[in-house]
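Architecture and fold: a report
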Amino acid sequence: MMPAVTATGLIVAPLSLQRFLFRRLLTSELVHEAHLMARSGRMALAMALASSA
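Since this is a predicted model, take the numbers as computed values, not measurements.

Points about the overall build of the protein
When helices and strands are counted, the protein shows 2 helices and 0 strands. Referenced to the eigenvectors of the C-alpha coordinate spread, the extents of the protein come out at roughly 45 × 15 × 10 Å.

Take a look at the structure:
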């Protein structure tokens, strides 16, 4: 269950990060951090799917 919760948090987090960093004109940092979070979220989702099988 924990990998599923982690995956959900990591996949949704870039949305709030975008609202925080976009107004400060930190676009390159936004893209980099969002990419890392999405990648980590996919890995956590893969672990959740593998553990449920």
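Looking at helix α2 (residues 27-52)
Here α2 is 26 residues long and its end C-alpha atoms lie 37 Å apart, about the 38 Å a rise of 1.5 Å per residue gives. Of the positions making up α2, those classed as buried are L30, A34, G41, A44 and A48. Close packing links the buried residues of α2 with α1 (2-22).

Points about α1
Think of an α-helix as turning once every 3.6 residues; residues three or four places apart then point the same way. Taking 1.5 Å as the rise per residue, α1 with 21 residues should run 30 Å; its terminal C-alpha atoms sit 30 Å apart, in good agreement. Along α1, the sharpest kink reaches roughly 30°, centred on A13 and followed within four residues by the proline P14. For α1, the full list of buried residues reads A7, P14, L17 and L21. In this structure, the buried residues of α1 make contact with α2.

Reading the values: rules and limits
- Residue numbers restart at each chain and count upward from 1, following the sequence in its written direction.
- Owing to the predicted nature of the model, reporting of local features is limited to residues with pLDDT of at least 70; listing and counting of side-chain atom pairs is limited to 80 or more, with chain, interface and lining totals taken over all residues.
- Only heavy atoms go into the side-chain values, all of them from the structure, while hydrogens and water stay out.
- What counts as a helix is a DSSP run of H or I of at least four residues, what counts as a strand is a run of E of at least two, and both are numbered from the N terminus.
- Expected span, for any helix, means 1.5 Å times one less than how many residues it has.
- Partly exposed describes any residue whose relative accessible area lies between the buried limit of under 20% and the exposed limit of over 50%, with all areas from a 1.4 Å probe on protein chains only and scaled to the type maximum.
- Throughout, a residue-residue contact means that at least one pair of heavy atoms, one from each residue, lies within 4.5 Å.
- The seven residues ending at a residue and the seven starting there each receive a fitted axis; the angle between those axes is the bend at that residue.

Functional significance is not addressed by these values, which are geometric in nature.
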